[in-house]
Amino acid sequence: MSAILQGAGAGAAAALSPFNSIDSNKVVAPSRSSLSVRCKRYIVAGSDDGTNQSFGSSSLVARRSQPLMIPNAVSTTKADTAASSTSSKSGHELLLFEALQEGLEEEMDRDPHVCVMGEDVGHYGGSYKVTKGLADKFGDLRVLDTPICENAFTGMGIGAAMTGLRPVIEGMNMGFLLLAFNQISNNCGMLHYTSGGQFTIPVVIRGPGGVGRQLGAEHSQRLESYFQSIPGIQMVACSTPYNAKGLMKAAIRSENPVILFEHVLLYNLKESIPDEEYICNLEEAEMVRPGEHITILTYSRMRYHVMQAAKTLVNKGYDPEVIDIRSLKPFDLHTIGNSVKKTHRVLIVEECMRTGGIGASLTAAINENFHDYLDAPVMCLSSQDVPTPYAGTLEEWTVVQPAQIVTAVEQLCQ
Amino acid sequence: MALRLRSSTSKSNFLNILRYNNLGFGTASHAARHLRTHDPTLLRVSQNPISRFCNTMAEKLSSVGENEDANAQVMDFPGGKVAFTPEIQFISESSKERVPCYRVLDDNGQLITNSHFVQVSEEVAVKMYSDMVTLQIMDNIFYEAQRQGRLSFYATTIGEEAINIASAAALSPQDVIFPQYREPGVLLWRGFTLQEFANQCFGNKSDNGKGRQMPVHYGSNKLNYFTVSATIATQLPNAVGAAYSLKMDKKDACAVTYFGDGGSSEGDFHAALNFAAVMEAPVLFICRNNGWAISTPTSDQFRSDGLVVKGRAYGIRSIRVDGNDALAMYSAVHTAREMAISEERPILIEALTYRVGHHSTSDDSTRYRSADEIEWWNKARNPLSRFRTWIESSGWWSDEEESDLRSRVKKEMLEALRVAEKTEKPNLENMFSDVYDVPPLNLREQERQVRQTIKSHPQDYPSDVPL
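Residues numbered from 1 in each chain as written. Chains lettered and ligands numbered in written order. Predicted model: local features only at pLDDT ≥ 70, side-chain atom pairs only at ≥ 80, totals over all residues. Heavy atoms only, no water.

Draft legend 1. Structural view of unusual backbone geometry. The linkage connecting Lys329 of chain A with the following residue, Pro330 of chain A, adopts the cis geometry, with an omega of 5 degrees. Structurally, Pro330 of chain A is set in the loop between strand 14 (327-329) and helix 12 (333-343). Even without being a glycine, Arg326 of chain A presents a positive backbone phi close to 55 degrees. For Asn114 of chain B, which is not glycine, the phi dihedral falls at a positive 60 degrees. Turning to its location among the elements, Asn114 of chain B is positioned in the loop between strand 3 (80-83) and helix 3 (122-147). By relative accessible area, Asn114 of chain B is classed as exposed at 76%. (Helix = DSSP H or I, 4+ residues; strand = E, 2+ residues; numbered from the N terminus. Buried < 20%, exposed > 50% of the residue type's maximum accessible area, 1.4 Å probe, protein only.)

So this is what it looks like as structure tokens:
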């Protein structure tokens, strides 16, 4: 399992090769935000051309004929790169943290109001090197090293955003942003509303979260479950270098406050991404592997566990459809709905804890909206309701493993 | 004097800089920091070895000469040189005397001889006094309206009119204000009308905030007054961020934020002051030390000599002012603002005053303090009467103008109340708009559901909410 996460040359990539050669067809999602309008000039992965599809339509959604890239779920340096760059003449290979940095740098070049603040983001380049080199290029004021007080620098970012800047606030670890909860919930999420629309807060709050490699309970938290109720914010989770860069750019351009969840173990994933500029739609899910038998919904690191399980499942004769939901708030119920209507079975695989996680609210949303299309109850695989232990063996078992995913699929598809 | 450091990573250069410490900078790190902030092109910062790391070798104080006195040794700890002492000496928790308070008008409104203050023109002084009177009348009328059941809630500013108006008068319209909730006077000075105040309190459709906030949670983009957020002290880091933004854009303006004695206990206060100092942000921190945080007196809030001494702990210049002396407030804020913008530094102003009113209409302060105490501050230390004496003695005001003003404002205020009360409330779609820039699918769905429910049960919903 650890092989998947070491980046280049992961063995699991080979099993996906049949799907790499398929011309990607993306399910069209209705444009729900002003973002689609603004980024028409660029290649926008998966966004439609402005046609508003009604959410409850039962007709099969028209598929885009223009080929778009399906990035491999697992990074590869093997020969399959040809298929993955159908939409670009050449691409360049980089690691996920470099993709984030590239997106950030491009946005900072494009708009002088974009700035970065956080602990050790300046000359140190960030704990995960996402802001490496930016302080040298843009100066100390635009890439600001702050003292240690998450609530204060998040509050600072909000105040700066209300006055016209577009800050990208980095939490060194998502868990530390618990200290910033007051500012995020009361000011970030609410002030656009309570001011009657007078003040916008176009901040991006980002940082790594999730269970890492023996980082201890305090550094292995899944904050997306705590933030999901806050009205006024959007949440997205990146999982590949391609969508990391795309989501970073989209988040910065959005007028709403966006929380971008990265994962500690995914920073070294390698992938080839297009040279030309592109953005990913913030509210859209990503079709990783189309299938017929069952819909597996996942995001962030669990995508890779799911894809590894998919390998085993295919060998056993199953045809899972894997969707990386990417948008955690709001859910892309359009893509998810179309999938449920096709397969009639849903398995959610997440890293959040069982109680109150993203999976829990996604289960509720699916049951509420697609009950008639389900042949079996929605199943959700999550971490247990325990703090993440330090011991490596124990830690491994708090996270959903591919074997459990295979068992769950077999159960659901009986 | 700029130090021309060519990019050098050699240790000998580093030691040279330490040796020749007559360069006008305290330490090499101090030098590097100034270069970093003010002239980044001079130096490739990542190559500067001194910017982050300090030598920790012991050194002799150059001024002591050749004397090998061990007491004269000095160690370059991170942050700068520190002298040693062989005596155990604790810095006292408080100084023998409290920090004196700057005031210009005495208790009777007479100008104190030899006082320094910024001269105020007749026009400004009269506007200041009129606005103080207007604020007082507005407060009284809104308070009464709440007691009569016409308003759901209100919080008065009685006793703190001078802080509100005089500080606003000393600022420019481009200075961005981050209020707590007891500073409507600043909005009043900038041109917010009585009608607009009333609209917000009634949450009607003419309200800037579209009826979404409690009364007294005013906000006006146009007047650079940021919408009040009820949480205490959260506006302090916001103000630092705004100051940082103004500094990046090189604007001739500063951020100004207000908070109370209670607010200074919040973590955000300490972090914001620290940040402002480190970032050299042009922000004024104005503390209204009015003695009470609901029922908590300052003796239960902190044990320092008020707020003014806390500034030094963060490296911030501070001043203590008599908050009920409009002239002193004006001068202090005026001077502080100039310093903040030209020197790019934060300033802490502690304005001593007294909260004459209750915390809000949900509070009855006679339960925790004596009515005599309240009465004394209201009469003997009233900011309006002190300032009135001064402008009258300057020949700028008279009894006649006073009664004219009061009757006019009262009439206007009652009319504004009446109109606001009658104005329609915002319609239902405002419940869902502005949560995001464009309402997403789930909110549109939820709005549809609410409308459907109202349609099928119209008798259960208030008739005055337009759909």
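Draft legend 2. Representation of the sheet that holds strand 9 (residues 317-322) of chain B in the model. All names here are of chain B. Here we have 5 strands laid out as an open sheet, ordered 4-5-6-10-9, and parallel in their pairing. The open sheet has two edge strands, strand 4 (176-178) and strand 9, and neither has a second partner. The sheet shows a mean angle of 20 degrees between the axes of neighbouring strands, direction not considered. Alignment of strand 5 (residues 255-260) against strand 6 (residues 283-289), held across 6 bridges, turns out to be parallel. (Pairing = 2+ DSSP bridges. Axes fitted to C-alpha atoms, helices over the stretch in contact; angles between N-to-C directions.)

Draft legend 3. Local environment of the UniProt feature "domain: Transketolase-like pyrimidine-binding" (unreviewed entry) in chain A. Within the UniProt annotation, "domain: Transketolase-like pyrimidine-binding" (unreviewed entry) is assigned to residues 94-269 of chain A. Helix makes up 35% of residues 94-269 of chain A and strand makes up 18%, while its end C-alpha atoms are separated by 8 Å. (UniProt positions renumbered as here; feature names shortened; annotations may be inferred.)

Draft legend 4. Here's a closer look at the side chain of Ser339 of chain A. Residues and elements named next belong to chain A. Considering the arrangement of structural elements, one finds Ser339 in helix 12. Residue class for Ser339 comes out buried when judged on its relative accessible area of 2%. Aside from chain neighbours lying at most four places away, what touches Ser339 is Thr295, Glu321, Ile323 and His344. (Contact = heavy atoms within 4.5 Å.)

Draft legend 5. Seen up close, the UniProt feature "domain: Dehydrogenase E1 component" (unreviewed entry) in chain B. Per the UniProt record, "domain: Dehydrogenase E1 component" (unreviewed entry) is annotated on residues 132-428 of chain B. A helix fraction of 46% and a strand fraction of 11% characterise residues 132-428 of chain B, whose end C-alpha atoms lie 37 Å from each other.

Draft legend 6. Molecular detail of the pattern of salt bridges. Under the definition given, this model contains 50 salt bridges over all chains. Of the charged contacts in the structure, one is a salt bridge between Arg206 of chain A and Glu262 of chain A, with a shortest N-O distance of 2.6 Å. Residue Arg206 of chain A is located in strand 6 (residues 204-209), and its partner Glu262 of chain A is located in strand 8 (residues 258-263); the two are separated by 56 residues in the primary sequence. A relative accessible area of 1% places Arg206 of chain A in the buried class. Close ionic contact of Lys379 of chain B with Glu375 of chain B constitutes a salt bridge, the shortest N to O distance being 2.8 Å. Highlighted residues: Lys379 of chain B and Glu375 of chain B, both in helix 11 (residues 371-380), separated by 4 residues, approximately one helical turn. (Salt bridge = Lys/Arg side-chain N within 4 Å of Asp/Glu carboxyl O.)

Draft legend 7. Representation of the packing of aromatic side chains within the structure. A complete count under the given rule lists 16 aromatic pairs over all chains for this structure. Relative to Phe226 of chain B, the ring of Phe199 of chain A has its centre 4.5 Å away and its plane inclined at 20 degrees; by these criteria the two rings are stacked. With one member in each of two chains, Phe199 of chain A in the loop between helix 8 (191-194) and strand 6 and Phe226 of chain B in the loop between helix 6 (194-202) and helix 7 (235-248) form a pair that bridges those chains. A single burial state applies to Phe199 of chain A and to Phe226 of chain B, both of which are buried. A centroid spacing of 5.3 Å and a plane angle of 55 degrees characterise the contact between Phe259 of chain B and Phe269 of chain B, whose relative ring orientation is tilted. Here Phe259 of chain B is found in strand 5, whereas its partner Phe269 of chain B is found in helix 8 (residues 267-279), with 10 residues between them in sequence. For the residue pair Phe259 of chain B and Phe269 of chain B, the accessibility class agrees, reading buried in each case. Put simply, the rings of Phe199 of chain A together with Phe178 and Phe226 of chain B touch in pairs and so form one group of aromatic residues. Sitting over the face of the ring of Tyr124 of chain A, Lys129 of chain A holds its NZ or CZ atom 4.2 Å from the ring centroid. (Phe/Tyr/Trp six-rings, centres within 6.5 Å; stacked < 30°, edge-to-face > 60°. Lys NZ or Arg CZ within 6 Å of the ring centre and 35° of its normal.)

Draft legend 8. Quick peek at the environment of Asn324 of chain B. All names here are of chain B. Positionally, Asn324 belongs in the loop between strand 9 and helix 10 (326-343). Sequence spacing of Asn324 and Leu414 is 90 residues, and the spatial spacing of their C-alpha atoms is 27 Å. Apart from residues no more than four positions distant in its own chain, Asn324 is found in contact with Gly159, Ala162, Leu352, Thr353, Trp377, Arg381, Pro383 and Arg386. For Asn324, the side chain forms a polar contact with the side chain of Thr353, separated by 2.7 Å. (Polar contact = N/O pair within 3.5 Å; in protein donor to acceptor, adjacent residues only side chain to side chain.)

Draft legend 9. Local environment of the sheet that holds strand 14 of chain A. Residues and elements named next belong to chain A. Spatial ordering of the open sheet is given by 4-3-5-6-8-7-14, a layout of 7 strands whose pairing is mixed. Looking at the sheet topology across the chains shown, the edges are occupied by strand 4 (143-145) and strand 14. For this sheet, the mean inter-axis angle between neighbouring strands, taken without regard to orientation, is 20 degrees.

Draft legend 10. Representation of the nonpolar core within the structure. Phe227, Phe261, Leu297, Ile325 and Ile366 of chain A together with Tyr244 and Phe285 of chain B are the most contacted members of the largest nonpolar core, which has 83 residues in total. Apart from the residues within four sequence positions on either side, Tyr244 of chain B is in contact with Cys115, Met117, Leu141, Arg142, Leu144, Met156, Ala160 and Leu165 of chain A together with Ala281 of chain B. Residues Met138, Ile141, Leu223 and Ala416 of chain B belong to the second largest nonpolar core, which totals 74 residues. (Core = buried A, V, L, I, M, F, W, Y, C linked by side-chain atoms within 4.5 Å.)

Draft legend 11. Broad picture of the pairing of strand 2 (residues 73-77) of chain B. Of the two faces of strand 2 of chain B, only one is covered, namely that formed by Val74 and Asp76 of chain B; the face formed by Gln73, Met75 and Phe77 of chain B stays uncovered. The turn linking strand 2 of chain B back onto strand 3 of chain B is made up of 2 residues, and Gly79 of chain B within it adopts a positive phi angle of 110 degrees.

Draft legend 12. Representation of the environment of Ile391 of chain B in the model. Residue and element names in this part refer to chain B. Note that Ile391 resides in helix 12 (residues 383-393). Of the residues examined, Ile391 reaches a relative accessible area of 0% and is grouped as buried. Each C-alpha atom, one on Ile391 and one on Pro173, is 24 Å from the other, the two residues being 218 residues apart in sequence. Setting aside residues no more than four positions away along its own chain, Ile391 makes contact with Ala125, Tyr129, Trp396 and Trp397.

Draft legend 13. A negative patch on the surface, seen in detail. Residues and elements named next belong to chain B. On the surface, a cluster of negative charge is contributed by Glu122, Glu123, Glu400, Glu401 and Asp404. Contributions of two or more residues to the negative patch are made by helix 3 and helix 13 (399-422). Broken down by element, the residue count for the negative patch peaks at 3 residues, all from helix 13. Residue position: Glu122 is located in helix 3. (Patch = residues over 30% accessible without salt bridge, like charges linked within 9 Å, V, L, I, M, F, W, Y side chains within 5 Å. Areas by Shrake-Rupley, 256 points an atom, 1.4 Å probe, with all protein chains shown as cover. Lys, Arg positive; Asp, Glu negative; His and termini not counted. Charge placed at Lys NZ, Arg CZ, Asp CG, Glu CD.)

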